[in-house]
Amino acid sequence: MAYVFDNNVPLYLQVIDIIKKKIISGDYQPGDQLESVRYLAGEFEINPNTIQRALSELENQGLLFSQRTRGRYVTEDTNLIKEERFKMSQVLIEESIKALYDLGFTNEDILDAYKKVLFKEGKDVN
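All values derive from a computational prediction rather than experimental measurement.

Q: How would you explain the packing of aromatic side chains if you had to name every residue and give the values?
A: Applying the stated criterion across every chain yields a total of 4 aromatic pairs. Counting every residue linked through ring pairs, the aromatic cluster contains Y3, F5 and F44. Its guanidinium or amino end placed over the ring of Y12, R53 lies 3.7 Å from that ring's centre, counting from NZ or CZ.

Q: Summarise helix α1 (residues 11–25); cite the residues concerned and give the values.
A: The end-to-end C-alpha distance of α1, which contains 15 residues, comes to 21 Å, matching closely the 21 Å that a straight helix rising 1.5 Å per residue would cover. Here the buried face of α1 lies against α2 (37–44), α3 (48–60), β1 (64–67), β2 (71–74) and α4 (78–102). Looking one or two residues past α1, G26 carries a phi angle of roughly 95°, positive in sign.

Q: I'd love a proper account of the packing of α1 against α4, names of residues and values included.
A: Each pair of packed helices can be summarised by the angle the axes make with each other and by the distance between the axes. Between α1 and α4, whose axes approach to 9 Å, the crossing angle comes to 120°. Judged on the interaxial angle alone, α4 and α1 are oblique. Along this stretch, α1 crosses α4, giving a crossing that reads as left-handed. Contact residues: D17, K20, K21, I23 and I24 in α1; I81, E84, R85 and M88 in α4. Across the contact of α1 with α4, the residue classes tally to 4 nonpolar, no polar and 5 charged.

Q: Could you give an account of the nonpolar core, with specific residues and numbers?
A: I19, I23, L34, F44, I51 and L55 are the most contacted members of the largest nonpolar core, which totals 24 residues. At the level of elements, α1, α2, α3 and α4 are the ones that each hand at least two residues to this core. With 7 residues, α1 is the largest single contributor of residues to this core. When residues of this core are sorted by domain, at least three fall in each of domain 1 (11–76) and domain 2 (79–121).

Q: Quick one: what's the story with the pairing of β2, residue by residue and with numbers?
A: By the bridge criterion, 4 bridges tie β1 to β2 in an arrangement that is antiparallel. Its bridge partner lying in β2, F65 is registered against Y73. Counting the residues in the hairpin turn of β1 and β2 gives 3 residues, including T69, whose phi is positive at 65°.

What counts, and where the lines are drawn
- Residues numbered from 1 in each chain as written.
- Predicted model: local features only at pLDDT ≥ 70, side-chain atom pairs only at ≥ 80, totals over all residues.
- Heavy atoms only, no water.
- Phe/Tyr/Trp six-rings, centres within 6.5 Å; stacked < 30°, edge-to-face > 60°.
- Lys NZ or Arg CZ within 6 Å of the ring centre and 35° of its normal.
- Helix = DSSP H or I, 4+ residues; strand = E, 2+ residues; numbered from the N terminus.
- Expected span 1.5 Å × (residues − 1).
- Contact = heavy atoms within 4.5 Å.
- Axes fitted to C-alpha atoms, helices over the stretch in contact; angles between N-to-C directions.
- Parallel < 35°, antiparallel > 145°, perpendicular 65-115°, else oblique.
- Left-handed = near helix turned anticlockwise from the far one by under 90°.
- Nonpolar A, V, L, I, M, F, W, Y, C, P; charged D, E, K, R; others polar.
- Core = buried A, V, L, I, M, F, W, Y, C linked by side-chain atoms within 4.5 Å.
- Buried < 20%, exposed > 50% of the residue type's maximum accessible area, 1.4 Å probe, protein only.
- Domains from an automatic or database assignment.
- Pairing = 2+ DSSP bridges.

Here's what the structure looks like:
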C-alpha cells in the first residue's frame, strides 16, 4: 500500500497514527505480532530508524510490547485499546465540530446535521 505523507508533520508521528488506527480498528488484534522493522520500513518506504522510533513510542504508550528476540506484539489490554479508540473519536468529532463552526453552524445546526447523516433514511453511513 502506498502511503501519502504530510511534509509538515514528522514522519514517525504519522507512522504512529497509522499503526494506532490499525490497532483500534481491529486490523491488528490484541496479542498479534507486528511485522519486522525492516518489513514495515519497506511497506512504508521509509528509513527503518523512523519505524523503530514510532514503534518505541507505541511501546511507551502501552499499545505494543516487545518480547526479546521474538518481536513486537499488540497489547492484550483491551481496555487500553478502547480508551485510545475513544480518544481518537473525540479528536475527530472536535475537528468536525470546529470546521462546522467555521462555516457558521450553530450547536443546533450541528446536531441536526449529525442526526441526518447518522440516521439517513435508515442507511448505514458506510
